[in-house]
2 protein chains.
Amino acid sequence: MDALLTELRAALGKDAVLTDPDVVASYSRDMMPLAPNGKPLAVVLPTDVAGVQATVRACAEAKVPIVPRGAGSGLSGAANAIDGCVVLVMTKFDRVVEIDPGNRLAVVQPGVVNLDFRTAVEEHGLFYPPDPSSYDWCTIGGNLSTNAGGLCCVKYGVTTDSVLGLEVVLADGSVLRTGRRTVKGVAGYDLTKLFIGSEGTLGIITEATVALRPLPQAPGTLVAGFDSTEQAGDAVARVVREGLVPSLMEIMDASSIKAAESYLNTDLGAGSDCQALLLCQSDAGGEAARSELAALEQICLDCGAGMAYATDDVAEGKMLLQARRVVLTALEQYGVWLTDDVSVPRTRIAELIAGCERISEEVGLRIAVVGHAGDGNMHPTIVYAPDSADEFARARKAFDAILDLGLALGGTVTGEHGVGKIKRDWLEREAGPVAMRVHRQLKQALDPENLFNPGSMFSLD
Amino acid sequence: MDALLTELRAALGKDAVLTDPDVVASYSRDMMPLAPNGKPLAVVLPTDVAGVQATVRACAEAKVPIVPRGAGSGLSGAANAIDGCVVLVMTKFDRVVEIDPGNRLAVVQPGVVNLDFRTAVEEHGLFYPPDPSSYDWCTIGGNLSTNAGGLCCVKYGVTTDSVLGLEVVLADGSVLRTGRRTVKGVAGYDLTKLFIGSEGTLGIITEATVALRPLPQAPGTLVAGFDSTEQAGDAVARVVREGLVPSLMEIMDASSIKAAESYLNTDLGAGSDCQALLLCQSDAGGEAARSELAALEQICLDCGAGMAYATDDVAEGKMLLQARRVVLTALEQYGVWLTDDVSVPRTRIAELIAGCERISEEVGLRIAVVGHAGDGNMHPTIVYAPDSADEFARARKAFDAILDLGLALGGTVTGEHGVGKIKRDWLEREAGPVAMRVHRQLKQALDPENLFNPGSMFSLD
């Protein structure tokens, strides 16, 4: 393997090829505690497409697998190293190449942090919707590879809905350009959307052309408290049925509320019997936003909300939303957390929360449910003691029981975090043998030597 | 081949397998005059998935290619028969299987006519956006296979943006289910969007699960006339730059206006010097729609519109839009038409129209440009004498010159009609050798015997 390292250093410069054990270890895993990680041979940080091509060709020749990654904010172990691999870190691809307000599009490199990109386009009055919770440190490349979502999805869709085209380095080192710079286009297969969400198993994304939206109005905010999750679930279903499209609709269960109240040392005003909070926003602006929030409030009250409060003060809205944003941090009062990611039909949210309560009792661990109610994507989060192997095992059991429940409710085993190295069996179960055969056929067609992220998402046997 | 017909009749019933030459001929081509068609062996009309599977397996065994089709409204020859093929007609898959208002989704078979599906979901207050011009006779299956667009796209996207999952019969006769019933989901590769727009080359779509939207408000309408196409183009670019998102924004050039005025025997009120009309709608409802239309009107006036007229009367709006809708029919006063489909960045629309004027002079044929200005998807339409081989040759020359121009302006050779059998060389040119290799690898992975629509979109050599 020394020959490979020599070749990589010759091609990319020696500063781009790291082998110091501590440094290498720091690039060897993402944020998912359940996923194992191996020991990489080296970490490579290319700065241009030629560097990626050289790395891919040298690794292919040496039969050394490549695990690509961005900031490492992932929650599926997709970016976790395997033994003897090269970790290909894309964070030096950090330029916003172009912003074109006349066509509402931008060209961006994968290493740009989501928030930095949002800020750059905002200066032109433009809006890049995908906003995963880690938006202040995750990178666009990771967002593309996992088809990341966030709080905006209920109104603005997920990452794939914003992408017009990609530049990708393939397994033979050639450079593929997919898509286009126009709003519409149907020339050939939709290769763009095949690479998005493929979790680094099909190629290395080196650039993306994305469609932007007009910057929405400053949002008005509604918070509503319910004495039962069923009432909150009814309210969500009514919002959908009545044709409202808030720009945000989040749910917190009783455990989440308690954790946030304790952490923030405040009373969220929901009353001690409050079993669920709904947080909604409208960014429609002016009268439209006021009437949208009023309609949302009326639905909440009709469904039995004991408390409902609306404001068009942006700072106050941010403060109300803070309760939702701090939940994971707040749970660290009680132990370490393991967050799950399951998406269910919007009519089944209350059943999912009730099921998580049952699972919590069964495993004897705290489970707090927060989620994107507007699109049914729930994040039940299990809390366990960091030093207890037994609690860790029970947490893992709960994690699986939640996925089982999600599937039983007609849902999917991952709404936005991805499959990675922790949900491979669940993907097999959800997709079934025909779909898995198609996955393997596509992988073999594009990466016949299994160079990219082997064993992640699915194995080839 | 008699053995194949006997087998198909045994499996599907004899009424489902047609060989009468006149009947077979009537299923042998779509609406694109440039594309050749061959003589099919038979036409098969299955009524269920088992019938599709039996057809696929029998044809694979007999090495007889399958050309799938719906109503035949296509404009690329993708559904045109090749010699000795089986034409697989999906129009008997004509059921709306399920409408779920609580989750804003529906399950629909591919043979359902777009308008019938729209009407069915409208009864539940729901909206299926994709609205190709042929919406009163094209089928959902054809819409899926071509990733059809329409007039709604500027605000609501194209077909792929509305689809959650598919059921597809693969080349070995097995049934693949892709996607999910939830709003979000990232379990595995995005197989759904790979099959959408694949023009019948990868599998036979037998069912789709689609996301619906709330029914929009009745639209208000604005029409504006400009003395130059540059002014109209500027207005479009300003609309984009200023963050407006009308629910419709169509453009007609001078030739289109003249044809419509002559056909409708009326004056569109634009004045005799009018070189371009912009037609805009807002479906935001009430005050929001009025202020959106007012902003659109102001932009048109600022860009030099000599005439601008807004109305929130729905019937009057429909009448104004009628001028746009009749253009192709109106052109039949002068000959037969050949409509092209090119998508350019929205800042380049005026250049495209000016280029079409030059091409019109060069080939000595009338070219009328209508298009979806809001997304840059233009349909320059060439008129020629039906009985003149020379004019047909010149029409074809103009068709290609328009694509050449579209590419030179940073556009794509097809915005919504597809590649089919007429733009294969153009796809090669736009996509380039690496992307074409990837296309062939994917096709070979999923359809190794080249059973489905061989030679359409691209050839395997």
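Residues numbered from 1 in each chain as written. Chains lettered and ligands numbered in written order. Predicted model: local features only at pLDDT ≥ 70, side-chain atom pairs only at ≥ 80, totals over all residues. Heavy atoms only, no water.

1. Examining the sheet that holds strand E10 (residues 204-211) of chain A
Residues and elements named next belong to chain A. Stated precisely, the cut-off is as follows: Paired strands, as defined in this entry, are two strands with at least two bridges between them according to DSSP. Numbering of helices and strands starts at the N terminus; helices are DSSP runs of H or I of at least 4 residues and strands are runs of E of at least 2. All axes here are fitted lines through C-alpha atoms, helices being fitted over the stretch that makes contact, and every angle between N-to-C directions spans 0 to 180 degrees. Contacts between residues were defined by any pair of non-hydrogen atoms, one from each residue, lying within 4.5 Å.
Taken in spatial order, the five strands make up an open sheet running E5-E6-E10-E8-E9, and their pairing is antiparallel. Each edge of the sheet is formed by a strand with only one pairing partner; in this case those strands are strand E5 (96-100) and strand E9 (175-179). The average undirected angle you get between the axes of adjacent strands in this sheet is 10°. Summarising the sheet, strand E8 (residues 163-169) and E9 pair through five bridges and their orientation is antiparallel. Each residue of the ladder has a partner; that of Val-169, found in E9, is Val-175. Strands E8, E9 and E10 of the sheet are contacted by helix H3 (residues 49-62), whose axis makes an angle of about 50° with E8.

2. So, unusual backbone geometry
All names here are of chain B. What counts here: Only protein chains enter the accessibility calculation, which uses a 1.4 Å probe; a residue is then buried when its area is under 20% of its type maximum, exposed when over 50%, and partly exposed in between.
Not every positive phi belongs to a glycine, and Asn-453 is a case in point at roughly 45°. On the secondary structure map, Asn-453 appears in the segment after helix H15 (424-446). On the basis of relative accessible area, Asn-453 is assigned to the buried category, the value being 2%. The phi torsion at Met-457 lies on the positive side, around 70°, for a residue other than glycine. For Met-457, the position within the fold is in the segment after H15.

3. Some details on the UniProt feature "domain: FAD-binding PCMH-type" (unreviewed entry) in chain A
The condition that has to hold: UniProt positions are given in the numbering used here, feature names are shortened, and annotations may be inferred rather than shown by experiment.
Mapped onto this numbering, the UniProt entry annotates "domain: FAD-binding PCMH-type" (unreviewed entry) at residues 36-215 of chain A. Spanning residues 36-215 of chain A, this segment combines 22% helix with 24% strand, and its end C-alpha atoms are found 41 Å apart.

4. Observations regarding the pairing of strand E8 (residues 163-169) of chain B
Residues and elements named next belong to chain B. Counting buried positions over the seven residues of E8 gives seven, a clear majority of the element. Examined bridge by bridge, E8 and strand E10 (residues 204-211) share six bridges and lie antiparallel to one another. In the sheet register, Val-168 faces E10, and the bridge partner there is Ile-205. Between E8 and strand E9 (residues 175-179), which pair antiparallel and follow one another directly, the connecting turn spans five residues, one of which, Gly-173, has a positive phi of 90°.

5. A word on the side chain of B:Glu292
All names here are of chain B. Quick reminder of the rule: In this tally, Asp and Glu contribute negative charge and Lys and Arg positive charge; neither His nor the terminal groups of the chain are included. Salt bridge, as used here: a side-chain nitrogen of Lys or Arg that lies within 4 Å of a carboxyl oxygen of Asp or Glu.
As for its placement among the helices and strands, Glu-292 is situated in helix H10 (residues 286-302). Here Glu-292 is buried and forms no salt bridge, its nearest opposite-charge partner Lys-155 lying at an N-O distance of 5.0 Å. Once you skip the residues sitting within four places of it in the chain, Glu-292 turns out to touch Leu-244, Val-245, Pro-246, Ser-282 and Ala-284.

6. Considering the domain arrangement of chain A
By a frequent convention, interface size equals the accessible area lost on bringing the separate parts together. Residues and elements named next belong to chain A. Put simply, the rule is: For every domain, the bounds stem from an assignment made automatically or drawn from a database. Here's the idea: put two parts together, see how much 1.4 Å probe accessible area each one loses, and the total over both is what we call buried area.
Domain boundaries assigned for chain A yield domain 1 (2-89), domain 2 (96-214) and domain 3 (220-408). Distance from the C-alpha centre of domain 1 to the C-alpha centre of domain 2: 23 Å. In total, about 1,100 Å² of surface goes out of reach between domain 1 and domain 2, with carbon and sulfur atoms giving 71% of it. The largest contributions to the domain 1 side of the interface with domain 2 come from Val-49, Ala-71 and Ser-73, which together make up 33% of the buried area.

7. A closer look at the interface of chain A and chain B
We apply this condition: Whenever a nitrogen or oxygen atom comes within 3.5 Å of another N or O atom, the pair is scored as a polar contact, on the condition that within protein one atom can donate a hydrogen and the other can accept it, and that pairs from neighbouring residues in sequence are kept only if both atoms are in side chains.
Chain A puts 77 residues into the contact, and the matching count from chain B is 76 residues. When chain A packs against chain B, close to 5,800 Å² is buried across both sides, 63% of that on carbon and sulfur atoms. Joining chain A to chain B, the criterion identifies six salt bridges. As a salt-bridge pair, B:Lys184 and A:Asp375 come within 3.9 Å of each other at their nearest N and O atoms. Joining chain A to chain B, the criterion identifies 24 residue pairs in polar contact (both at pLDDT 80 or more). At 12 residues, helix H15 (residues 424-446) of chain A tops the list of elements feeding residues into the side of chain A that touches chain B.

8. Observations regarding the sheet that holds strand E6 (residues 105-108) of chain B
Residue and element names in this part refer to chain B. Ordered in space as E5-E6-E10-E8-E9, the five strands form an open sheet in which the pairing is antiparallel. The open sheet is flanked by strand E5 (96-100) and E9, the only strands paired with a single partner. On average, each strand axis in the sheet is tilted by 10° relative to the strand beside it, whichever way the strands run.

9. Comments concerning the nonpolar core
The cut-off we apply is this: Throughout, nonpolar core names a set of buried Ala, Val, Leu, Ile, Met, Phe, Trp, Tyr and Cys residues whose side chains join them through atoms within 4.5 Å.
Ranked by size, the top nonpolar core spans 67 residues in total, and within it A:Phe117 and B:Phe117 carry the most contacts. For this core, the element with the most residues is H15(B), which contributes seven residues. When residues no more than four places from it in sequence are discounted, the contact partners of B:Phe117 are B:Val96, B:Ala106, B:Val108, B:Val112, B:Tyr128, B:Ile140, B:Val210 and B:Leu212.

10. Some points on the relation of the copies chain A and chain B
For the record, the criterion: Residues reaching a pLDDT of at least 70 in both copies supply the C-alpha atoms on which the copies are superposed by least squares.
Aligned on chain B, chain A shows an RMSD of 0.0 Å; the corresponding rotation is 180° and the shift along the axis is 0.0 Å. Here the copies are linked by what is in effect a two-fold axis.

11. A few points about the pattern of salt bridges
Any two side chains of opposite charge can pair, given that their charged atoms come close. All names here are of chain A. Tallied over the full model, the rule gives 40 salt bridges over all chains. In this structure, the salt-bridge partner of Glu-207 is Arg-177, at a minimum N-O distance of 3.1 Å. Placement of Glu-207 in strand E10 and of Arg-177 in strand E9 is noted, with a sequence separation of 30 residues between them. For Arg-177, a relative accessible area of 45% puts it in the partly exposed group. Linking Arg-290 and Asp-312 is a salt bridge whose minimum nitrogen-to-oxygen distance equals 3.5 Å.

12. Some thoughts on a negative patch on the surface
Residue and element names in this part refer to chain A. For the record, the criterion: Any residue with relative accessible area above 30% and no salt bridge may belong to a patch, with like charges joined within 9 Å and the nonpolar Val, Leu, Ile, Met, Phe, Trp and Tyr side chains within 5 Å. The protein chains shown are the only cover counted for residues, whose accessible areas, like all others here, come from Shrake-Rupley with a 1.4 Å probe. By convention, the point assigned to a charge is CZ for Arg, NZ for Lys, CD for Glu and CG for Asp.
On the surface, Glu-230, Asp-234, Glu-357, Glu-361 and Glu-362 cluster together to form a negatively charged patch. Of all the secondary-structure elements, those providing two or more residues to the negative patch are helix H8 (229-241) and helix H13 (349-363). Here the element with the most residues in the negative patch is H13; it accounts for three residues.

13. What to know about the environment of B:Met378
Residues and elements named next belong to chain B. Along the chain, the position of Met-378 falls in strand E19 (residues 377-384). Overall, Met-378 belongs to the buried group, its relative accessible area being 0%. Taking the C-alpha atoms as reference points, Met-378 and Glu-250, separated by 128 residues in sequence, lie 9.3 Å from one another. When near neighbours in sequence (up to four residues on either side) are disregarded, Met-378 contacts Ile-251, Asp-340, Asp-341, Val-342, Ile-349, Leu-352, Val-369, Val-370, Gly-371, His-372 and Ala-373.

14. Some words on the packing of H8(A) against H13(A)
Residues and elements named next belong to chain A. Rule in force here: Angles below 35 degrees are treated as roughly parallel, those above 145 as roughly antiparallel, those between 65 and 115 as roughly perpendicular, and all remaining angles as oblique. Crossing handedness follows the turn of the near helix against the far one: under a right angle anticlockwise gives a left-handed crossing, and clockwise gives a right-handed one.
Contact pair H8 / H13: the axes reach a minimum separation of 8 Å and the direction vectors enclose 155°. Here H8 is positioned roughly antiparallel relative to H13, judged by the angle of their axes. In the crossing of H8 with H13, the sense of the turn from one axis to the other is right-handed. Seen from H8, the contacting residues are Thr-229, Glu-230, Gly-233 and Val-236; seen from H13, they are Ile-349, Ala-350 and Ile-353.

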